[in-house]
Amino acid sequence: MRKVKDIDWGNLGFQYRSCDWRYVSCYKDGSWDEGRLSDDPNVVLNECAGILHYCQECFEGLKAYETVNGDIVCFRPELNAERMAYSAEFLCMPPFPKERFMDALDKVVKANIEYVPPYGSGASLYIRPYIFGSGPVIGVKPADEYMFRMIVMPVGPYFKGGAKPIAIMVSDYDRAAPHGTGHIKAGLNYAMSLHAHEVAKEAGYPENMFLDPKEHKYVEETGGANFYFISADGSTFVTPKSGSILPSITRRSLVYVAEHYLGLKVEERRVEFAEIGEFSECGLCGTAAVISPVGLVHSHEGDIVFGKGLEEPGPVTKKLYDTLTGIQLGTIEAPEGWIHKIA
Ligand code: PLP
Ligand code: COI
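Along each chain, the written sequence defines residue order, and numbers are assigned to residues from 1. Numbering of ligands from 1 and lettering of chains from A proceed in the order in which they are written. The predicted nature of this model means local features are confined to residues of pLDDT at least 70 and side-chain atom pairs, given and counted, to a pLDDT of 80 or more, with totals for whole chains, interfaces and linings taken over all residues. Calculated side-chain values reflect all of the structure's heavy atoms, with hydrogen atoms and water omitted.

(A) Summary view of the overall build of the protein chain. Comment: elements are numbered from the N terminus, with helices defined as DSSP H or I runs of at least four residues and strands as E runs of at least two. Within the protein chain one finds 6 helices and 17 strands. Radius of gyration: over C-alpha atoms. The globule rule applied is 2.2 Å multiplied by the number of residues raised to the 0.38 power. In summary, the protein chain has a C-alpha radius of gyration of 20 Å against a globular reference of 20 Å for 343 residues, a match within 12%. Taken along its principal axes, the extent of the C-alpha atoms in the protein chain is 55 × 55 × 35 Å. Here the term buried applies to any residue with accessible area under 20% of the maximum for its type, exposed to any over 50%, and partly exposed to those in between, with areas from a 1.4 Å probe on protein chains only. For the protein chain, with 343 residues in total, the buried portion stands at 53%. Taking contacts inside the protein chain between residues at least 6 apart in sequence as the whole, the part at least 24 apart equals 72%. Exposure was quantified through the Shrake-Rupley algorithm and a 1.4 Å probe, taking into account, for residues, occlusion by the shown protein chains and nothing else. In the form shown here, the protein chain has an accessible surface area of approximately 15,600 Å², with 52% of it arising from carbon and sulfur atoms. Only four residue types enter the charge count, namely Lys and Arg as positive and Asp and Glu as negative; His and the chain termini do not. Charged groups are reduced to one reference atom each: NZ for lysine, CZ for arginine, CG for aspartic acid, CD for glutamic acid. Distance between charge centroids for the protein chain: 3 Å, based on 34 positive and 46 negative side chains. Contacts are residue-level and defined by heavy atoms, with any inter-residue pair within 4.5 Å sufficient.

(B) Layout of the layout of surface pockets. Counted as a void, the largest pocket has a volume near 930 Å³. With a 1 Å grid laid over protein atoms only, a set of points is called a cavity when a 1.4 Å probe fits there but cannot get out and a pocket when it is open yet has protein on both sides within 12 Å along at least five of seven lines; lining residues have an atom within 4 Å of a point. Lining the largest pocket are 38 residues, with Phe14, Tyr158, Glu207, Gly224 and Ala288 positioned closest to its centre. Looking at the lining of the largest pocket, the elements that each hand over two or more residues are β7 (124–133), α4 (187–202), α5 (249–261) and β14 (281–286). Per element, the largest residue contribution to the lining of the largest pocket is 6 residues, and it comes from α4. Looking at the lining of the largest pocket residue by residue, the class counts come to 17 nonpolar, 13 polar and 8 charged. Grid points are joined across faces, edges and corners, and a volume is the space filled by probe spheres set on the points. Amino acids are sorted into nonpolar (Ala, Val, Leu, Ile, Met, Phe, Trp, Tyr, Cys and Pro), charged (Asp, Glu, Lys and Arg) and polar (every other residue, Gly among them).

(C) Structural view of the site of ligand 1. Residues in close proximity to ligand 1 total 17 residues, the closest being Tyr190, Glu221, Ser248, Thr250 and Thr287. A distance of 2.6 Å separates an oxygen atom of ligand 1 from a polar side-chain atom of Ser248. Contact distances for ligand 1 include 2.8 Å between an oxygen atom and a backbone N or O atom of Ile249. Look at ligand 1: alone it shows 380 Å² of surface, and the protein chains cover 97% of it. Consider each residue's heavy atoms; a residue with any of them within 4 Å of a molecule or strand counts as near. As used in this structure description, the phrase polar contact means that two N or O atoms lie within 3.5 Å; if the pair is within protein, one of them must be able to donate a hydrogen and the other to accept it, and residues adjacent in sequence are counted only when both atoms belong to side chains.

(D) Layout of the pairing of β7. Counting buried residues along β7, 9 of its 10 residues qualify, which places the element largely inside the surrounding structure. Being paired, for any two strands, means DSSP has found at least two bridges between them. Sheet topology note: the strand β4 (residues 57–59)/β7 ladder contains 3 bridges and is antiparallel. In the strand pairing of β7, Cys58 is matched with Ile131. Sheet topology note: the strand β5 (residues 62–66)/β7 ladder contains 3 bridges and is antiparallel. In the strand pairing of β7, Leu62 is matched with Ile127. The pairing of β7 with strand β8 (residues 146–155) spans 10 bridges and is classified as antiparallel.

(E) Up close: the site of ligand 2. What surrounds ligand 2 is the set Phe14, Phe59, Gly61, Tyr126, Arg128, Tyr158, Lys185, Gly224, Thr287 and Ala288. Contact with the protein chains hides 90% of the accessible area of ligand 2, taken as 280 Å² for the molecule alone. Among the detected pockets, ligand 2 sits in the largest pocket. Partitioning the shell around ligand 2 into residue classes produces 5 nonpolar, 3 polar and 2 charged. Molecules are considered to sit inside a cavity or pocket once more than half of their atoms lie within 2 Å of its grid points.

(F) Region of interest: the nonpolar core. Counting 39 residues, the largest nonpolar core has Phe101, Leu105, Val109, Ile127, Ile131, Phe148 and Met150 as the members making the most contacts within it. When contributions to this core are tallied by element, the ones reaching two or more residues are β1 (22–28), β5, β6 (72–75), α2 (77–90), α3 (98–111), β7 and β8. The greatest single-element share of this core, amounting to 6 residues, is contributed by α3. Aside from chain neighbours lying at most four places away, what touches Phe101 is Leu62, Pro77, Asn80, Ala81, Met84, Phe96, Pro129, Phe148 and Met150. The next biggest cluster of nonpolar side chains, apart from the first, holds 22 residues, and it includes Phe227, Phe229, Ile276 and Ile304. Put simply, buried Ala, Val, Leu, Ile, Met, Phe, Trp, Tyr and Cys residues joined by side-chain atoms within 4.5 Å make one nonpolar core.

(G) Expanded view of the packing of aromatic side chains. Here a pair means two rings of Phe, Tyr or Trp (six-membered ring of Trp) with centres within 6.5 Å. Their orientation is stacked below 30 degrees between planes, edge-to-face above 60, and tilted elsewhere. Within the structure shown, the criterion is met by 19 aromatic pairs. On the numbers, 4.9 Å between centres and 80° between planes, the contact of Phe14 with Tyr158 is edge-to-face. A residue pair is termed long-range when its members are at least 10 positions apart, and Phe14 in the segment before β1 and Tyr158 in the loop between β8 and β9 (166–170) qualify at 144 residues. Relative accessible area serves as the criterion here: at 36%, Tyr158 is assigned to the partly exposed category. For the pair Tyr27 and Trp32, a centre-to-centre distance of 5.2 Å together with 65° between the ring planes defines the contact as edge-to-face. With a relative accessible area of 14%, Trp32 lands in the buried category. Here Arg175 stacks its cationic end above the ring of Tyr190, 5.9 Å away from the centre of that ring. The ring of Tyr218 has Arg270 sitting right over it, with the charged end atom 4.0 Å from the ring centre. Criterion for a charge above a ring: Arg CZ or Lys NZ at most 6 Å from the ring centre, at most 35 degrees from the ring normal.

(H) Structural detail: the packing of α5 against helix α6 (residues 315–329). Remark: α5 packs on α6, axes separated minimally by 10 Å, with the N-to-C direction vectors making an angle of 110°. In terms of orientation, α5 lies roughly perpendicular with respect to α6. Together, Thr250, Ser253, Leu254, Val257, Ala258 and Tyr261 of α5 and Leu320, Thr323, Leu324 and Ile327 of α6 make up the contact between the two elements. Of the residues that constitute the contact of α5 with α6, the class distribution is 7 nonpolar, 3 polar and no charged. Interaxial angles span 0 to 180 degrees and are taken between N-to-C directions of axes, which are lines fitted to C-alpha atoms, for helices over the stretch in contact. Under this scheme an angle from 65 to 115 degrees is roughly perpendicular, one under 35 degrees roughly parallel, and one over 145 degrees roughly antiparallel; angles in between are oblique.

Worth remembering: the numbers are spatial, not functional.
Following this line, the structure appears as structure tokens:
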């Protein structure tokens, strides 16, 4: 048996916990330093650091798992490295090179290997890489110094109740602007969603459905996941296409799984809010959310209920969940290159 920390793995929520090691690299005078593992969870910053004033920050989210064979693996981490480089460049920050990202990932997971939850616990090691402006700025411009950190923490399900369907609410607010930053993983988008999230929580809903910021006519995403829908006859996987949502790695993977593993038709297209009542299933997909079934969508026009509502997920959602998690945990053969072995 692999040695693991004494943690109640089955009852973890989605919460911060300081683990022993994090990876840190600093950017100064035009280049990233060689990077190192640090045991210090605190960051000391100048009072004028770019992140504190003009929100120059981007981040990623990925997970490490123990597979059925006892390997410690990550799911498609190269895509996180690429998306992070894109987000950084969009915010005028230096990208952290992909091969450096992969090296940091291997190092930080190996250093914290006792925090990787055991196979079958339902938990995983959440990995949060981020880059922020650490150099001082007061005029509105990019900072000239940056910090890259990659921290880890063991987590359980993002939504209480795990795979049980949730009820969500259509937000009156927008999380991103047309032609803005909705398509990158910038902390500022999440700051934008906080008020809407509190409003939803007050009303008894753990998440929002955001509609497109231009017309409020099309489905976008939630504060932390993309959507998918299943057609009434169960034959088609439909997922919203928009320039102001995050290109979810889970959603891109599900598009492949739906078509090649489950034989479904796939439609990536604009989805009108007015048509969603015709679908038989609705779900959220993302690294933290994995696949979270949506049983009900509340709006000013009333409630839309999918399948058996909040009772249980629909049949296609169950198959998508079992196939995706089977691929991640090694019980179902993965497409070439999807599983990155660390230890
Ligand atoms: N949309 C938003 C706003 C997110 O924060 C996330 C989480 O990363 C996703 C979608 C899902 O993306 P991924 O599947 O790459 O984790
Ligand atoms: C993730 O799924 O990794 C995210 O970053 C989403 C966030 C809401 C936790």
